[in-house]
Structure formats: C-alpha cells, structure tokens
Amino acid sequence: MLNKEQLTRLKERLLDVREALVRDVDHIQKHSNDEYESEAPDINDEASRTYSRNLMLSRGEAERHQLKLIDEALSAIESGDYGVCVDCESEIPFERLLSVPYVERCVNCMTKFEDKQRGQ
Ligand SMILES: [Zn+2]
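Residues numbered from 1 in each chain as written. Predicted model: local features only at pLDDT ≥ 70, side-chain atom pairs only at ≥ 80, totals over all residues.

**Details of the nonpolar core**
Here is step 1: By size, the foremost hydrophobic cluster in this structure holds nine residues: L10, L14, I70, A73, Y82, I92, L97, Y102 and C106.
Here is step 2: Secondary structure elements with two or more residues in this core: α1 (4–31) and α3 (46–79).
Here is step 3: Apart from the residues within four sequence positions on either side, L14 is in contact with I70, A73, L74, P101 and Y102. (Core = buried A, V, L, I, M, F, W, Y, C linked by C-beta atoms within 7 Å. Buried ≥ 20, exposed ≤ 12 C-beta atoms within 10 Å, placed from the backbone. Helix = DSSP H or I, 4+ residues; strand = E, 2+ residues; numbered from the N terminus. Contact = placed C-beta atoms within 7 Å.)

Rendered as structure tokens:
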C-alpha cells in the first residue's frame with residue numbers, strides 16, 4: 001500500500017506533468033494553423049507542410065490522451081483507488097508510479113498489453 005507521503009508526492013508529480021501538458025496542448029493548438037505554417041522553413045513545399053500539420057495533430061492527440069490518464073489518476077487518488085493495475089488489480093510499485101505517475105498497468109500487464117497491440 002502507498003502511504004500518505006508517497007501519495008502526496010505522486011499527486012504533486014501528476015499536477016506538475018499536467019501543467020506542462022496543458023501548456024503544450026495550448027501551444028500546439030495556437031500554432032497548428034497559419035502561424036505554424038509560416039514558421040515552417042520550406043513553406044512552398046506542399047508535402048512537407050502537410051506532413052508537419054499531421055505531425056502536430058497526432059502530437060496533440062497523444063497529449064490529450066495523456067491528460068485524460070492524468071485526470072483519471074488524480075480522481076483515483078481522491079477515491080483511494082490509485083496505483084492499482086487496471087488489468088490484474090495488483091498494486092503498482094511506488095518506483096514505477098514515480099517515473100510515470102499516470103501509468104495504468106503493472107509491468108507484466110503492460111508487456112502483455114503492448115504485445116497484443118503489436119499483434120493487431
Ligand atoms: Zn497487472
């Protein structure tokens with residue numbers, strides 16, 4: 001079980017990561033249109049322009065997904081369900097949570113999950 005001090009540290013980590021992400025998403029949204037294109041070095045190259053735009057979009061999506069995980073982790077801390085693997089319901093070690101505080105799975109289930117995703 002995580003103690004109160006560990007939970008507090010993890011909550012702070014989550015809030016820090018969240019703040020940085022919100023800034024990033026905000027930045028991506030502001031720069032994903034005209035402004036970003038005008039910053040692109042090779043503005044006449046239609047292919048590279050489209051590529052940059054797609055890259056920005058998928059980056060933004062990944063970050064929004066991450067934000068969702070962080071919000072879920074924060075509410076799990078409030079409800080006392082934090083740090084439990086969503087698949088096998090075993091406790092996720094504190095060290096693992098400290099490096100990725102919004103991680104949803106223990107190492108075993110993450111490996112299985114990734115193998116399954118690669119297989120699809
Ligand atoms: Zn698990």
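**Section: helix α5 (residues 107–119)**
Here is step 1: For α5, spanning 13 residues, the distance from its first C-alpha to its last is 18 Å, which sits close to the expected 18 Å at 1.5 Å a residue.
Here is step 2: For α5, the buried fraction is low: zero of the 13 residues fall into the buried class. (Expected span 1.5 Å × (residues − 1).)

**A closer look at the confidence of the model for the protein**
Here is step 1: Residues of the protein with pLDDT of at least 70 account for 78%, and the chain-wide mean is 86.
Here is step 2: Per-residue pLDDT, averaged within each element of the protein, yields its smallest value for helix α2 (residues 34–39) (52) and its largest for helix α4 (residues 94–99) (95). (pLDDT = per-residue confidence, 0-100.)

**Digging into the environment of V86**
Here is step 1: As for its position among the elements, V86 is in the loop between α3 and α4.
Here is step 2: Residue class for V86 comes out partly exposed when judged on the 14 C-beta atoms lying within 10 Å of it.
Here is step 3: Spatially, the C-alpha atom of V86 lies 5.8 Å from that of R105, the residues being 19 residues apart in sequence.
Here is step 4: Ignoring sequence-local partners within four residues, the contact set of V86 consists of E104 and R105.

**What about the environment of C109?**
Here is step 1: For C109, the location among the structural elements is in helix α5.
Here is step 2: For C109, a count of 17 C-beta atoms within 10 Å puts it in the partly exposed group.
Here is step 3: Between the C-alpha atom of C109 and that of V86, which follows or precedes it by 23 residues, the distance is 8.7 Å.
Here is step 4: Ignoring any residue separated from it by four or fewer positions in sequence, one finds C109 in contact with C85, D87 and C88.

**Section: the environment of I70**
Here is step 1: With respect to the helices, strands and loops of the structure, I70 is situated in helix α3.
Here is step 2: When the C-alpha positions of I70 and V103 are compared, they lie 8.7 Å apart, and in sequence the two are 33 residues distant.
Here is step 3: If near-sequence neighbours (up to four positions away) are discounted, I70 is found in contact with L14, V17, R18 and Y102.

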